[in-house]
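The residues making up each chain are set out below.
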Amino acid sequence: MIKFLDLKAVNKRYENDLKKAFNNFLNSGQYILGQQVLEFERSFAKYCGTNYCIGVSNGLDGLTLIFKAYMALGKLKEGDSVIVAANTYIASILAIINAGLKPVLVEPSPNTFNIDSKEIRKYISDKTKAILVVHLYGQLCEMKSITELSKQHDLLIVEDAAQAHGAFDSQLNKKAGNLSHAAAFSFYPTKNLGALGDAGAITTNNKVLAETISKLRNYGRISKYKNDIQGVNNRLDEIQSVFLNIKLPYLDLENAKRRIIAKRYLDNINNKKIVLPYWDGTENHVFHVFVIRTEYRKELQDYLLKNKIQTLIFYPIAPHKQEALKEWHDLSFPITENIHDQVLSIPINPYMKDDEVEKIIKVLNKYECFY
Ligand SMILES: Cc1ncc(COP(=O)(O)O)c(C=O)c1O
């Protein structure tokens with residue numbers, strides 16, 4: 001069976017280093033906000049090209065903290081609207097709601113699955129104060145035009161970079177995490193840079209924002225016994241920083257391997273029943289997942305499984321159709337709904353073998369639909 005993602009195999013490569021580092025960590029006696037968190041924050045800020053990085057508990061908390069920090073600084077207030085793609089993972093939307101703000105859903109481009117400035121423009125109102133851009137599946141949004149639009153309307157831009165570690169915008173000459181006012185990353189174990197548990201980070205160039213987030217994530221503390229704002233406990237674990245410090249140096253290499261596999265898929269999968277994802281061939285995509293589209297998803301997924309190829313769907317249900325967001329059930333987003341009906345993710349990860357990639361291409365090309 002070609003697994004969709006074999007996390008054990010992915011981490012096996014790092015086994016010796018991880019075990020050694022764990023022993024050092026155990027002996028250090030410092031388990032919360034120690035040297036390893038500081039080192040990771042420094043390295044990840046440098047990697048993204050930002051002045052600041054604040055380690056946090058996970059991607060959702062990271063996004064929520066950015067919004068809460070802007071509220072604490074008076075830049076946003078309860079009830080302000082935040083524009084976000086309707087086809088994102090529900091966490092992006094929950095972050096906006098958790099912070100007391102109002103998500104305004106916008107259709108994505110059917111080509112890139114990302115929001116673009118043309119569509120965003122239609123939804124801007126007096127209440128709109130921010131845009132949450134989600135670099136979905138690992139591909140950057142069109143940040144040049146979105147940035148111009150945000151300047152015209154004096155809007156904050158926040159990046160949900162949970163799936164896009166290392167993606168590079170060659171027009172702006174900057175990486176994910178440095179394409180907005182503030183960005184949140186997830187290091188959930190399946191992500192391109194994955195911890196061995198929950199973990200996340202926020203990057204920004206704004207000193208005051210970074211200081212506010214540092215306080216907020218740690219009860220609002222400014223020193224051991226002094227709290228000047230009401231915060232939460234959303235700290236990045238020291239042990240996860242230990243693991244992330246080991247894996248970060250390999251991220252670019254692993255992203256490059258993902259792109260090589262994506263190029264093989266794009267050059268060689270040729271089946272009229274399958275729509276391949278759009279990619280401009282630059283480093284603006286880190287292929288967190290490789291998402292094909294087909295009208296025959298159920299049949300194709302079963303066919304692939306019969307051929308011992310595991311696939312997953314990101315995501316089968318659109319956020320506005322989720323039980324958790326019942327109040328939106330009457331909304332209609334045809335492009336989004338179509339995407340959720342048709343997408344299917346085939347395996348892509350840096351440690352796939354050549355013959356596995358070859359087999360997936362061959363099996364997909366042989367697929368004949370019987371409808
Ligand atoms: C686009 C997106 N945003 C936010 C998140 C939330 O990240 P986490 O699981 O670390 O809370 C995820 C995680 O899957 C995601 O894919």
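Refer to the structure printed above.
Residues numbered from 1 in each chain as written. Predicted model: local features only at pLDDT ≥ 70, side-chain atom pairs only at ≥ 80, totals over all residues. Heavy atoms only, no water.

Regarding the nonpolar core
Most often, soluble globular proteins have nonpolar side chains that are buried together.
No. 1: By size, the foremost hydrophobic cluster in this structure holds 42 residues, and its most contacted members are Ile66, Phe67, Leu132, Tyr137 and Ile213.
No. 2: Elements with a minimum of two residues in this core: β1 (52–56), α4 (59–72), β2 (81–85), α5 (90–98), β4 (128–134), β5 (156–160), β8 (182–186) and α8 (207–216).
No. 3: Residue contributions to this core peak at 6 residues, all from α4.
No. 4: Ranked by size, the runner-up nonpolar core spans 40 residues in total, among them Phe44, Ile83, Val133 and Ala195. (Core = buried A, V, L, I, M, F, W, Y, C linked by side-chain atoms within 4.5 Å. Buried < 20%, exposed > 50% of the residue type's maximum accessible area, 1.4 Å probe, protein only. Helix = DSSP H or I, 4+ residues; strand = E, 2+ residues; numbered from the N terminus.)

A closer look at helix α10 (residues 251–268)
Every α-helical turn comprises 3.6 residues, leaving residues that sit three or four positions apart pointing alike.
No. 1: Taking 1.5 Å of rise per residue, the 18 residues of α10 would be expected to cover 26 Å, and the 26 Å separating its terminal C-alpha atoms lies within 8% of that figure.
No. 2: Regarding α10, the residues found buried are Leu251, Glu254, Asn255, Arg258, Arg259, Ile261, Ala262 and Tyr265. In an axial view of α10, the angular spread of the buried residues amounts to 165 degrees, which keeps them on one side of the axis. Counted as exposed and oriented over 90 degrees from the buried face of α10: Ile260 and Asp267.
No. 3: Elements that come into contact with the buried residues of α10 comprise α3 (35–48), α9 (238–247), β12 (290–293), β13 (343–346) and α13 (354–366). (Expected span 1.5 Å × (residues − 1). Arc of directions from axis to C-beta. Contact = heavy atoms within 4.5 Å.)

Some thoughts on the site of the ligand
No. 1: Taken together, the neighbourhood of the ligand is formed by 13 residues, with Gly59, Asp160, Gln163, Ser186 and Lys191 sitting nearest.
No. 2: For the ligand, an oxygen atom lies 3.4 Å from a polar atom in the side chain of Asn58.
No. 3: Within the side chain of Asp160, a nitrogen or oxygen atom sits 2.7 Å from a nitrogen atom of the ligand.
No. 4: Here the ligand has 390 Å² of accessible area as a free molecule, and 89% of this is covered by the chains.
No. 5: Listed by contribution, the elements that provide at least two residues to the shell around the ligand are α4 and α5. (Near = heavy atom within 4 Å. Polar contact = N/O pair within 3.5 Å; in protein donor to acceptor, adjacent residues only side chain to side chain. Areas by Shrake-Rupley, 256 points an atom, 1.4 Å probe, with all protein chains shown as cover.)

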